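Listed below are the residues making up each chain.
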Amino acid sequence: MKPTLFLLAAGMGSRYGGLKQLDGLGPNAETIMDYSIYDAIQAGFGKIVWVIRKDFEEQFRTQILSKYEDKVPCELCFQALDALPAGFSVPEGRQKPWGTNHAVLMGKDVIKEPFCVINCDDFYGRDAFMQIGKFLSELPEGAKNEYAMVGFRCCNTLSENGSVARGVCAYDEKRHLTDVVERTEIMRQADKGNAICYKDEQGEWQPLEENVPVSMNMWGFTPDYFEHSEQYFREFLSDPKNMENLKAEFFIPLMVNKLINEGTSTVEVLDTTSKWFGVTYAADRQATVDRIQQLVDEGVYPSKLF
């Protein structure tokens, strides 16, 4: 069964013409999302699903979905603030939905096959899609609790224009994920021989290995992940502090950490040679345009994707 690509796009606003997810960076105004979908198709993915907000469905279908529909089956699902389990209601004053794993849950009625979750505004690269596509397509039929994440080499995910936040991963002898620690400031330090460093809790810069795997929110799951998420979301909402905190979010790493710490699931850390890039800073935009043009000039991508 061909895997599905699941794009988290509910963060796009109705005035998304100015958002970086829809910024034309390729030679024919291709977006970063266009390159992800093109790479996924090349890697053998058989369906594309987006989770969006219901209030811009019509715009999305007209301006985005229409360019892919004759290339690959496409479906939409919708994230809403009030999409909650029976017995729960939205706390007064809360304005935003419940985070990335809540968005993933919205796909449970349309995704019945192994699937890869990604952000819309990160350039992951062909090899990353090949690695996760191979893992998902080789799972035995009916497989459960065997997940994966693409662990990008830290040196391939930095910005030249400032620090970046990354989830630094640890794994065991089977390359199964054991821990993800969010490091909010990672960059090269000239006074430390241009080594990659992160700022620790005391504000001190500590070295990181060049190839230590970091999470860029590229996950591979099977449909049983929805069942785990539904159950844990009820626990999350039952915790008074999560209802009182109007900005509390149900993140993917929160769910994954619970499953691996309990021994319910394994998450294989897949290595990739892909070089991530995105527009973290305004100054990154031209460098991203230049890198995409270089990939086109090298023949990795056609000048016009779709």
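Bear in mind the structure is a predicted one, so any value in this text is a computation, not a measurement. Every chain is numbered independently, its residues counted from 1 as its sequence is written. Side-chain atom pairs in this predicted model are given and counted only at pLDDT of 80 or more, local residue features only at pLDDT of at least 70, and totals for whole chains, interfaces and linings cover all residues. To obtain the side-chain values, all non-hydrogen atoms of the structure were used and water was disregarded.

*Asks:* Now, about the overall build of the protein: what can you tell me, with residues and values included?
*Replies:* Secondary structure elements are taken from DSSP: a helix is a run of H or I of four residues or more, a strand is a run of E of two residues or more, and numbering for both begins at the N terminus. In terms of regular secondary structure, the protein is built from eight helices and 13 strands. Here the globule rule is a power law, 2.2 Å times the number of residues to the power 0.38, and the radius of gyration is based on C-alpha atoms. Taken against the 2.2 N^0.38 rule, which gives 19 Å for 306 residues, the C-alpha radius of gyration of the protein at 19 Å falls within 12% of a compact globule. Along the longest, intermediate and shortest principal axes, the C-alpha atoms of the protein span 55 × 50 × 45 Å. Each residue gets one of three labels from its accessible area relative to the maximum for its type: buried under 20%, exposed over 50%, partly exposed in between, using a 1.4 Å probe on protein chains only. The 306 residues of the protein split such that 50% are buried. In the protein, of all internal contacts separated by at least 6 residues, the share reaching a separation of at least 24 is 74%. Only heavy atoms enter the contact rule, under which two residues are in contact if any of them lie within 4.5 Å.

*Asks:* For the packing of helix α5 (residues 224-238) against helix α7 (residues 252-262), give the residues involved together with the corresponding values.
*Replies:* To get an axis, fit a line to the C-alpha atoms, keeping to the stretch in contact for a helix; angles then go from 0 to 180 degrees between the N-to-C directions. Following both chains from N to C, one finds α5 and α7 inclined at 105°, their axes separated by 11 Å at the closest point. Put simply, α5 runs roughly perpendicular to α7. Contacts between α5 and α7 involve Tyr 225, His 228, Ser 229, Tyr 232, Glu 235 and Phe 236 from the first element and Ile 252, Leu 254, Met 255, Val 256, Lys 258 and Leu 259 from the second. Here the residues of the contact of α5 with α7 are counted per class, giving eight nonpolar, two polar and two charged. Should an angle fall under 35 degrees it is taken as roughly parallel, and over 145 as roughly antiparallel, whereas 65 to 115 is taken as roughly perpendicular and any remaining angle as oblique. Residues are grouped as follows: nonpolar covers Ala, Val, Leu, Ile, Met, Phe, Trp, Tyr, Cys and Pro; charged covers Asp, Glu, Lys and Arg; every other residue, Gly included, is treated as polar.

*Asks:* Any chance you could break down the packing of aromatic side chains for me, citing the residues and the numbers?
*Replies:* Only Phe, Tyr and Trp rings are paired, with Trp represented by its six-membered ring, and only when their centres lie within 6.5 Å; those with planes under 30 degrees apart are stacked, over 60 edge-to-face, the remainder tilted. Under the counting rule described, the total for this entry stands at 25 aromatic pairs. For the pair Tyr 38 and Phe 306, a centre-to-centre distance of 6.3 Å together with 75° between the ring planes defines the contact as edge-to-face. Taken as a pair, Tyr 38 in helix α1 (residues 32-42) and Phe 306 in the segment after α8 (284-297) lie far apart in primary sequence, 268 residues in all. Considering the side-chain rings of Tyr 124 and Phe 152, the 6.0 Å spacing of their centres and the 45° angle between planes classify their relative orientation as tilted. On the criterion of sequence distance, the pair formed by Tyr 124 in the loop between β5 (122-123) and α4 (126-137) and Phe 152 in strand β6 (residues 146-153) is long-range, its members being 28 residues apart. Here the guanidinium or amino end of Arg 166 rests over the ring plane of Trp 276, the centre of that ring lying 4.4 Å away. Across from the ring centre of Tyr 171, 4.4 Å away, lies the NZ or CZ of Arg 175, which sits over that ring. Definition used: whenever NZ (Lys) or CZ (Arg) falls within 6 Å of the ring centre and also within 35 degrees of the ring normal, the charge is taken to sit over that ring.

*Asks:* Describe in detail the confidence of the model for the protein, supporting the description with residues and values.
*Replies:* Scored from 0 to 100, pLDDT records how confident the predictor is in each individual residue. Of the residues in the protein, 97% reach a pLDDT of 70 or more, and the chain-wide mean stands at 92. For residues 14-18, every residue scores under 50 in pLDDT, and the model assigns this stretch nine contacts once sequence neighbours within four places are set aside.

*Asks:* I'd like a rundown of the pairing of strand β4 (residues 115-119), residues and numbers included.
*Replies:* Regular strands place side chains that alternate from one sheet face to the opposite one. Across the five residues that make up β4, a large majority, five, are buried. Bridging between strand β1 (residues 4-8) and β4 involves five bridges; their strand directions are parallel. Its bridge partner lying in β4, Leu 7 is registered against Ile 118. With three bridges joining them, β4 and strand β11 (residues 213-221) adopt antiparallel strand pairing. In the sheet register, Phe 115 faces β11, and the bridge partner there is Phe 221. Any two strands between which DSSP finds at least two bridges are classified as paired.

*Asks:* Quick one: what's the story with the side chain of Asn 242, residue by residue and with numbers?
*Replies:* Looking at where Asn 242 falls in the secondary structure, it is placed in helix α6 (residues 240-244). The term polar contact refers here to a pair of N or O atoms within 3.5 Å; inside protein, the definition further demands a hydrogen-donor-capable atom paired with an acceptor-capable atom, and it admits residues adjacent in sequence only when both atoms are side-chain atoms. Within the structure, the side chain of Asn 242 is placed 3.0 Å from the backbone oxygen of Phe 236, a separation counted as a polar contact. Beyond its immediate chain neighbours, meaning those up to four positions away, Asn 242 contacts Trp 98, Phe 236 and Ala 248.

*Asks:* Could you give an account of the nonpolar core, with specific residues and numbers?
*Replies:* Leu 5, Trp 50 and Met 218 are the most contacted members of the largest nonpolar core, which has 47 residues in total. Excluding its chain neighbours within four sequence positions, the residues that come into contact with Met 218 are Cys 116, Val 117, Ile 118, Tyr 124, Ala 128, Phe 129, Ile 132, Ala 148, Met 149, Val 150 and Phe 152. Definition used in this section: a nonpolar core is a set of buried Ala, Val, Leu, Ile, Met, Phe, Trp, Tyr and Cys residues joined via side-chain atoms within 4.5 Å. Core analysis: the second largest hydrophobic core is formed by 37 residues, Val 104, Trp 219, Phe 233 and Met 255 among them.

*Asks:* Kindly report on α7, identifying the contributing residues and their values.
*Replies:* Along α7, the residues that are buried comprise Ile 252, Met 255, Val 256, Leu 259 and Ile 260. All buried residues of α7 lie within an arc of 120° about the axis, which places them on one face of the element. One or two positions beyond α7, positive phi appears at Gly 263, with a value near 80°. As used here, the arc belongs to the directions running from the helix axis to the C-beta atoms.

*Asks:* Before we move on, can you summarise the pattern of salt bridges with the specific residues and values?
*Replies:* If charged atoms from side chains of opposite charge come close, those side chains can pair. Salt bridges are counted wherever a side-chain nitrogen of Lys or Arg sits within 4 Å of a carboxyl oxygen of Asp or Glu. As enumerated under the stated definition, the model contains 18 salt bridges in all. One salt bridge in this structure joins Lys 67 and Asp 34, with 3.1 Å as the shortest N-O distance. With Lys 67 in the loop between α2 (57-63) and β3 (74-78) and Asp 34 in helix α1, this residue pair connects regions lying 33 residues apart in the sequence. Under the relative-accessibility criterion, Asp 34 is labelled buried at 2%. Residues Glu 185 and Lys 199 are paired through a salt bridge, measuring 3.6 Å at the closest nitrogen-oxygen approach. Within this pair, whereas Glu 185 is found in strand β8 (residues 177-189), its partner Lys 199 is found in strand β9 (residues 195-199), the two being separated by 14 residues in sequence. Given a relative accessible area of 27%, Glu 185 falls into the partly exposed group.

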